[in-house]
Amino acid sequence: MKKAFLEAGRIINVHGIAGEVKFEHWCDGFDSLKRVKCFYLDSEGKSPVALCSKRIHGKFLLLKLEGINDPESARRMKNKILYVAREDVFKDPDSVFICDIIGLDLIDVDENKAIGKITDVVNRGASDLYLVDMGGREEYFPAVKEFIVKIDTESGVYVKVPAGLFDKAE
């Protein structure tokens, strides 16, 4: 079941004297959050906090949240993870949320079999890498369009495996 509320990022500090907070977003970019009018303090959407304003500050966002009007209130928000409603996040139609592929099978289309389960997605700069649990060992798979045939968030991630990638001794 797909999560209705997604982790958007973490408040990392206070900014100024008016209660703004410095927000480290975990989205593809600032545009992903352009429709967001409300954040949530929990993953079930039970603790909403309205967004009064947001602005870009380097690689971070400065957020003004309703009810946070001074540095002390803002300081209490430090290290809190903020969630957003799935439908409020803007994403490219060809992209998927990372949380929707964690736990899916990585499927070799040439062999028509599952290689293993995707347990994490990391980025080392050049591209995303899927961490795949192959039943006793973990391997990275490069998540690049040359290898990905199809992502179906219900059945798996279908890939063409480059020759020699998983040829290590078991």
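Here the structure is a predicted model, which is why all the values come from computation and not from measurement. (Residues numbered from 1 in each chain as written. Predicted model: local features only at pLDDT ≥ 70, side-chain atom pairs only at ≥ 80, totals over all residues. Heavy atoms only, no water.)

Trainee: Help me out: how do you make sense of the sheet that holds strand β8 (residues 113–123) in this one?
Mentor: In sheet architecture, strand pairing relies on hydrogen bonds along the backbone and comes in two forms, parallel and antiparallel. Ordered in space as β10-β9-β8-β7-β12-β11, the six strands form an open sheet in which the pairing is mixed. The strands lining the two open edges of the sheet, one partner per strand, are β10 (138–142) and β11 (148–152). The sheet shows a mean angle of 35° between the axes of neighbouring strands, direction not considered. Note that strand β9 (residues 128–133) and β10 share five bridges and pair antiparallel. Pairing of L129 across the sheet is with P142, part of β10. (Pairing = 2+ DSSP bridges. Helix = DSSP H or I, 4+ residues; strand = E, 2+ residues; numbered from the N terminus. Axes fitted to C-alpha atoms, helices over the stretch in contact; angles between N-to-C directions.)

Trainee: Sorry, what's going on with the packing of aromatic side chains here?
Mentor: This model, assessed by the stated rule, comprises three aromatic pairs. A ring pair is formed by F23 and F39, whose centres lie 5.5 Å apart and whose planes are at 55°; its orientation type is tilted. Separated by 16 residues along the polypeptide, F23 in strand β2 (residues 20–25) and F39 in strand β3 (residues 38–40) bring together distant segments of the chain. For the pair F141 and F147, a centre-to-centre distance of 6.1 Å together with 65° between the ring planes defines the contact as edge-to-face. According to the relative accessible area criterion, F141 is buried, its value standing at 0%. Sitting over the ring of Y158, K150 keeps its end group 4.8 Å from the ring centre. (Phe/Tyr/Trp six-rings, centres within 6.5 Å; stacked < 30°, edge-to-face > 60°. Buried < 20%, exposed > 50% of the residue type's maximum accessible area, 1.4 Å probe, protein only. Lys NZ or Arg CZ within 6 Å of the ring centre and 35° of its normal.)

Trainee: Can you help me understand the environment of V14 in this one?
Mentor: On the secondary structure map, V14 appears in strand β1 (residues 5–15). On the accessibility criterion, V14 (19% relative accessible area) is buried. When the C-alpha atoms of V14 and D100 are compared, they prove to be 32 Å apart, with 86 residues separating the residues in sequence. Not counting residues up to four positions away in its chain, the partners in contact with V14 are E20, P71, A74 and R75. (Contact = heavy atoms within 4.5 Å.)

Trainee: Got a minute to help me understand the pairing of β8 in this structure?
Mentor: It is a general feature of regular strands that their side chains alternate between the two faces of the sheet. Relative to β8, strand β7 (residues 105–108) is paired through four bridges, and the arrangement is antiparallel. By the bridge assignment, I107 is partnered in β8 with A114. The turn linking β7 back onto β8 is made up of four residues, and N112 within it adopts a positive phi angle of 55°. For β8 and β9, the ladder comprises six bridges, and the chain directions are antiparallel. The partner of V122 across the bridge, within β9, is L129. In this structure, the hairpin formed by β8 and β9 is closed by a connection of four residues, where G125 is found at a positive phi of approximately 115°.

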